[in-house]
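Residue strings, one per chain:
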Amino acid sequence: MSNFSNDVLTTLKILIIGESSVGKSSLLMRFIHDRFEDDLGLTIGVDFKTKTVVIDGNSVKLAIWDTAGQERFRTLTPSYYRDAQGAILVYDVSSRVSFVKLELWLNELEMYSNRKGIIMMIVGNKIDKDKREVSREEGIQFAKKYKSLFIETSAKTKDGVEYAFDELVQKIIETPALWENTRYRQTQQLTDDNITDNQSSCLC
Amino acid sequence: MGEDLCSEYDVIVIGTGMTESIIAAAASRIGKRVLHLDRNDYYGGMWATFSFDALQRWLKECHNQDQKNITNFKNKTYISQDEILISCGSQSSVSNIDEQWFIPKNVPVNASENSFSKNEKNDFWDQEKIKNLSRKFNLDLAPKLLFSRGSLVDLLISSNIARYAEFRSVSRILTWYNGQLETVPCSRADVFSTKDVSVMEKRLLMKMLQLCAEYKPNGNEFKNFEKKTFADYLKSKELTENIVHYILYAIAMSSINTPCMTGVERTQKFLSSLGRFGNTPFLWPLYGSGELPQCFCRLCAVFGGVYHLKRTADSLVVLKTDMKSICKGIVSNDQFLSTHHLILNVSEAPSSFLQETFNEGLSRGIFITNRSIYSSEKESLTLLQFPYGIKNKPITVIEIGSSTHACPDGLYIIHMTCKQNTNATEDLKPAVEKLLEIEQIDLDPSHSASSGISGFAYDYEIYSGAIDMTNKENQEVKSVRPQVLWALYFNCLETSQCDLSVNVPSNIYLTSGPDADIDFEFAVKQAKEIFKKMYPNEEFLPRAPDPEELLLDDEEIISGDNNSSLTSTE
Ligand SMILES: Nc1nc2c(ncn2[C@@H]2O[C@H](COP(=O)(O)OP(=O)(O)O)[C@@H](O)[C@H]2O)c(=O)[nH]1
Ligand SMILES: [Mg+2]
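This structure is a prediction, so every number in the text was calculated from the model and none was measured.

## Let's talk about the site of ligand 1
All names here are of chain A.
At step 1: If you check the shell around ligand 1, you find 20 residues, and the closest are Ser21, Lys24, Ser26, Asp38 and Asp128.
At step 2: For ligand 1, an oxygen atom lies 2.8 Å from a polar atom in the side chain of Lys24.
At step 3: A distance of 2.7 Å separates a nitrogen atom of ligand 1 from a polar atom in the side chain of Asp128.
At step 4: Relative to its unbound accessible surface of 570 Å², ligand 1 loses 87% to contact with the protein.

## Here's the deal with the pattern of salt bridges
At step 1: With the rule as written, the count across this model stands at 28 salt bridges over all chains.
At step 2: For Lys131(A), the salt bridge is made with Glu133(A), and the minimal N-O distance between the two is 3.9 Å.
At step 3: With a relative accessible area of 36%, Glu133(A) lands in the partly exposed category.
At step 4: The residue Asp546(B) makes a salt bridge to Arg163(B) at a minimum N-O spacing of 3.4 Å. Of this pair, Asp546(B) sits in the loop between helix H16 (521–534) and strand S22 (563–567) while Arg163(B) sits in the loop between helix H5 (151–159) and strand S8 (167–169), and the two are 383 residues apart along the sequence.

## Regarding the packing of aromatic side chains
At step 1: Overall, the coordinates contain 28 aromatic pairs over all chains when judged by the stated rule.
At step 2: Centre to centre, the rings of Trp65(A) and Tyr164(B) are 5.9 Å apart; their planes meet at 55°, and the pair counts as tilted. Remark: Tyr164(B) occurs in the loop between H5 and S8 and Trp65(A) occurs in strand S3 (residues 58–65); the pair is interchain, linking two chains.
At step 3: Taking the relative accessible area as the measure of exposure, Trp65(A) reaches 7% and is therefore buried.
At step 4: Judged by relative accessible area, which is 12%, Tyr164(B) ranks as buried.
At step 5: Three or more aromatic residues joined by ring pairs form one cluster here, namely Tyr215(B), Phe222(B), Phe225(B), Phe230(B) and Tyr233(B).
At step 6: One residue, Lys51(A), lies across the ring of Phe31(A), its end atom 4.2 Å from the ring centre.
At step 7: Seen from the ring of Tyr287(B), Arg82(A) lies directly overhead, with NZ or CZ sitting 4.1 Å from the centre.

How each quantity is defined
- Residues numbered from 1 in each chain as written.
- Chains lettered and ligands numbered in written order.
- Predicted model: local features only at pLDDT ≥ 70, side-chain atom pairs only at ≥ 80, totals over all residues.
- Heavy atoms only, no water.
- Near = heavy atom within 4 Å.
- Polar contact = N/O pair within 3.5 Å; in protein donor to acceptor, adjacent residues only side chain to side chain.
- Areas by Shrake-Rupley, 256 points an atom, 1.4 Å probe, with all protein chains shown as cover.
- Salt bridge = Lys/Arg side-chain N within 4 Å of Asp/Glu carboxyl O.
- Buried < 20%, exposed > 50% of the residue type's maximum accessible area, 1.4 Å probe, protein only.
- Helix = DSSP H or I, 4+ residues; strand = E, 2+ residues; numbered from the N terminus.
- Phe/Tyr/Trp six-rings, centres within 6.5 Å; stacked < 30°, edge-to-face > 60°.
- Lys NZ or Arg CZ within 6 Å of the ring centre and 35° of its normal.

What follows is the structure in C-alpha cells.
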C-alpha cells in the first residue's frame, strides 16, 4: 500500500510523550510492527521509527519518536520537541496519576514545541484492563479543554491504535501551514556524498 | 522524590556539558550502565543555549551562587572503615557579569504614532518587545563552530548521531583591515570572484595557500622558519600587505606571535575543510551550540542511559589505601550510588582535587543588534577574527541571524569571545567600539523635544533598522554600524590547559568546560582520551543502527542551500 506512490508528500515528526509505563513504546511497536510484548522492559535502542502511510492518495512519511526513557525523571531534551508537527500524549486509563500528570506534559510540550499549532492527540491506553481509574468522559473533557484530538486504545488488543495515528496525521495534513514549507525549508539532510562538488576541497 | 534510582552503575557522569555528554554516550553505546546527572534543570552546563527568559534566570542564579552553602555530610552510614566522604564543590565559574540595555523599557505609543506614522509601529524595539519574543532567541553561553572536516563532524557521522542535529554553513569570513571590514576570499570561487583583490594578488594568494596545503614534515619550504613566526614567513614571501593579513588573521586565525609551523598547520586545517559543505570551512549548529551535548545525551538514553536533572553528587565515597585512592560511588539525595568510573565536570570537583587555582578565563560578550555588522542582500552567517584585541590577541566574532533560529526576524546576535585579560567588558571593547553602536537610545519625550525632532528621527533610524535601502548606495549601507539593543558580558573559567588528573582518585576523570578555541576539537579529544582510559579495548562510539529505514533518506537536496544535516554514506 505504501508503494502506491513513490512521491512522498512530506515527512512528519511525531512525538510520543506521557508518564513512564503508560504504554508509549508499546503503542509505537503496535503501530509499526503490529506486535505487543507483555514486558518491553526498558526498551533499549528504540529511538524513532519510520513508516510511510497514504493519506488521500499521497504518501506521507512519519518519523515517530520515542522518549528513550528520558521521560522517567522528566528530562527530555528540548531538542526532542524541536520541529514536531504532531504529539501523542498518552495516559493509562487504569492509573489516575498518569492522567493527572498529563497536564505537566502539555505544559512541557507548549514550552518547547517551536512549531505554531502543533496537533495533539490525547490517548487513554490500556482499555483492555479490568481496573479503570479514568472514565472515557473525563478523557474527552480534558482533550476538549486543550483542543486536542482524543481516543482510547489498547496496545495489547490493537483497539484504536491505528486510528490514533491516522487521525493525527490526517489532521496535520489538513493543516498545510504545519508542513508545507518544510519541504522547501532550508533545513535539509545533506549526506556525506552530497559534498558540494563545484568547489575543490582544497585550493591546489 | 518519586521513583528511586537503581543504585549500581558502571559510569556515573556529572554535568551535561559537551565533554561529559560525549563520554556518557560512548559508555552507554557499548552497553555500560550509565547514570547522567546535572545539578541544573537544563542541559549543557556552561555549553547551554538559552531563550531570553532562561538566560535571565541563569544570570540570577549566577548572582546567587555565592550564597549557596555546600552541605557537609557527616553521615557515616554510607561508608566503611577505610572509606572517606568528600564533599563536592560547586565552583562558581562565572564572574564579571555586566548586562546592559540600550533601548527604552517600552516606547510610548504616542511617540511612535505621531512622529512616524509612515512607519509600522513594530519597527520600534523596546525591552518589552524583546522579552516578549523570548523563545525566539537561542543564546549560546559557548558559541562554537565545527570544521567541516573536523573531529566532531567525523564523529557525528560515524556514530550516526548526526541525525539529531542540523547545521548551516558559515556563509562568509570577514576580516578587519585598514579600519574597515572586508570579505576574505577563501574558496577558489571566492578568490576569483572577489573585487577587493587584484589578479596579481589572487595568484599570490593561491600559490601561498597551495604551499601550506602541500606541506609535508620533511619538505624544505619552511626549513628556516621553524623558530620564527608565521608572520615572518609570510613577509618573506613578497606578498602584498592585504594578502598577508588575510592569511595570517582570517585563514590561519593567528596573530603576529604565532609560530610558523602552528600557522601552517592552522592554514592546512582551514583549507582541508573547504568545499565539503558550503563555501567556508565552518558549520554552525541550528538552534545553537547547546544542541550538540543534547544529541549525545539522546544517544546515551537510547542505549539505556538514565537521566536525572536537578540532581548531583553531594559527596563522593573514596576508599583510601596506602598507595592510591579509588572512588566507590557517590551520595546523591541521601542515596548511595555505586560506580566503577566517575566523570566529573571540573566545576563540581571537590577543591582538594584541584591542584592549582585556575587563572585562565574566557571573556564573553553577547549582543542583540538591529542589523548586521556588514549588511548584504542575503542574510549571512559570519565569522570574523578581529585581530586587534587587548595585547594583540584576536577576538572571535560570530554573527548569526534569524535563519539559524538564533533570534527573531529583523535582529542579529553577535557573539564575541577572547581570552580573559581583565574583564569581559574591557577585553572586548576594542572590537565593540569598532563594530557596534553602543549609544544609549533615549526615547524620553523631553529629550527628543530638546534635541529637536530630527535628532530623534536619526536615533530612530539607527535602532529600528528602518533605513530605506533604496536611497543609499550599497557601500554606505554597509558602513552603518549596528545599534546594540542589549548586551551581556561575562567571564568564565578556561581549564583546557590545566592538568586535571593530579590529585584525583584513579577512577575519577575531571572534564573541562568550554575552551578558547573556535571549534569543538578540544572537547572531542578530551572525551576520547577519558573513554580510552576507562575502556582501552572498546570502540569509541561505533555507528548506531538506523531505524528500519533511514529517516529522510530520499529527501532531495536543494542545491545552493546553506543548510546541511550530516548523514553518513553507507
Ligand atoms: N494490559 C495492557 N498492558 C499494556 C498496554 N500497553 C502497554 N502495556 C504494558 O505496560 C507496560 C509499560 O509499557 P511501555 O510501552 O514500556 O510503556 P512506556 O514506558 O510508556 O513506553 C509494559 O509491561 C506493557 O506490556 C495495554 O494496552 N494493555
Ligand atoms: Mg518507553
